[in-house]
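Structural overview
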Amino acid sequence: MSEYRAFTIHFDEQQSARAVLVNARSDSQLVMAALGIDVPQPVLFVSGGASDMDSKDAGLIRAIVEEAIVDFAQKHDLAVIDGGTQAGVMQLLGEARQRRRATFPLIGVAPHPMVFYPNSPHKQGEVALQAGHSHFVLMQRGGWGHESQMIINLTRAISGGVKPMLVVLINGGKIAEQDIYLATTQGSSPVPVLVLDGSGRKADEVSTAVKTGKTSSRIIRAIVAGGAIDLVSLHDGVQGMRAKLAQHFGVQP
């Protein structure tokens, strides 16, 4: 596997993560093998951010991430994928996983030139990798958004076509829009998407299009037409998210 360079990131004496450096053509099944992640298993990809929120909504999202998503992943043996950085929802996921001492795989996928970590070669990277993640898949080249196709490929590979898979969209901007476009318009069947309605930005644009059937965006129109889109309200809180996750993964909350 000459295209891979697997290594360990040591964040501190207690926390380390397995990482692999890949390119856009890397086989997603071989990437998982290089990381030592068993497949198939149920998988959840959390896409989006936490921008332009008031403190009340930010608090609700923090609770949903920790008390619904992280607890559900631990209880039901999910693998979770996100963007892996010390920012937004990705930071919330990693910090909650650490606080809960959870053991489910949390796989961060990011462009290597844009990030930094202890002893990393890219000191000019814009943002740190988040230390609560257990694994990282780092794209050798490219900027933000270059990782989207790999994330969707990994989501499908971990599922193996036999285990449930789901994207949760929280807030988010252009990259999150790209993520869910790829999830819902590629392949013979879309990756289902659960949109946190009321979380802002792209999540609310998609939820509005679903509820009204109207949007001025060609991309969102394609997402709604091609995808299995479900909605859960931010104000339904932790219990609402737990119930929707249980429904999609076919388990008890």
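Up top is the structure.
Residues numbered from 1 in each chain as written. Predicted model: local features only at pLDDT ≥ 70, side-chain atom pairs only at ≥ 80, totals over all residues. Heavy atoms only, no water.

Points about the sheet that holds strand β9 (residues 165-170)
A sheet is described by the order of its strands in space; here nine strands give the open sequence β1-β2-β8-β5-β4-β3-β9-β10-β11, paired in mixed fashion. Of all strands in the sheet, those bounded by a partner on one side alone are β1 (5-10) and β11 (229-233). Each neighbouring strand pair of the sheet contributes to a mean axis angle of 25 degrees, computed without reference to strand direction. Looking at chain direction, strand β2 (residues 16-22) and strand β8 (residues 135-139) are connected through five bridges and run parallel. Directly across from R18, in β8, lies its bridge partner H135. Packing of helix α2 (residues 55-75) onto the sheet brings it into contact with β3 (43-48), β4 (79-82), β9 and β10 (193-197), and relative to β9 it is tilted by some 170 degrees. (Pairing = 2+ DSSP bridges. Helix = DSSP H or I, 4+ residues; strand = E, 2+ residues; numbered from the N terminus. Axes fitted to C-alpha atoms, helices over the stretch in contact; angles between N-to-C directions. Contact = heavy atoms within 4.5 Å.)

Points about the pairing of β2
The element β2 is largely enclosed, with a buried count of five among its seven residues. The sheet contact formed by β1 and β2 spans six bridges and is antiparallel. Looking across to β2, one finds that H10 is bridged to S16. Hairpin remark: β1 followed by β2, antiparallel, with five residues in the connecting loop. (Buried < 20%, exposed > 50% of the residue type's maximum accessible area, 1.4 Å probe, protein only.)

Thoughts on the packing of α2 against helix α8 (residues 237-249)
As a packed pair, α2 and α8 sit with axes 9 Å apart at the nearest point and diverge in direction by 30 degrees. With respect to each other, α2 and α8 are oriented roughly parallel. The handedness of the crossing between α2 and α8 comes out as right-handed. Touching A63, I64, E67, A68, I69, D71 and F72 of α2 are G237, V238, M241, R242, L245, A246 and F249, all from α8. (Parallel < 35°, antiparallel > 145°, perpendicular 65-115°, else oblique. Left-handed = near helix turned anticlockwise from the far one by under 90°.)

Remarks on helix α1 (residues 28-35)
Burial in α1 covers these residues: S28, V31, M32, A34 and L35. Angular distribution of buried residues about the axis of α1 spans 160 degrees; they occupy a single face of the element. Among the exposed residues of α1, those pointing more than 90 degrees away from its buried face are Q29 and A33. Contacts from the buried residues of α1 go to β2, β5 (106-111), β8 and α4 (148-159). In this structure D27 caps α1, since a side-chain oxygen of it lies 2.9 Å from the backbone nitrogen of Q29. Phi for G36, located one or two positions after α1, is positive at around 75 degrees. (Arc of directions from axis to C-beta. Polar contact = N/O pair within 3.5 Å; in protein donor to acceptor, adjacent residues only side chain to side chain.)

Quick word on the packing of α1 against α4
Where α1 meets α4, the axes come as close as 8 Å, and the angle between the chain directions of the two elements is 75 degrees. Relative to α4, α1 is oriented roughly perpendicular. On α4, the residues that touch S28, Q29, V31 and M32 of α1 are N153, L154, A157 and I158. Of the residues in the contact of α1 with α4, the class split is five nonpolar, three polar and no charged. (Nonpolar A, V, L, I, M, F, W, Y, C, P; charged D, E, K, R; others polar.)

Thoughts on the nonpolar core
Core analysis: the biggest nonpolar cluster contains 38 residues, and M32, I81 and V137 have the highest contact counts within it. If we skip the residues at most four places from it in the chain, V137 touches V20, V22, V31, M32, L35, I107, G108, V109, A110, M150 and L154. Counting 32 residues, the second largest nonpolar core, distinct from the first, contains M53, V70, V168 and L245. (Core = buried A, V, L, I, M, F, W, Y, C linked by side-chain atoms within 4.5 Å.)

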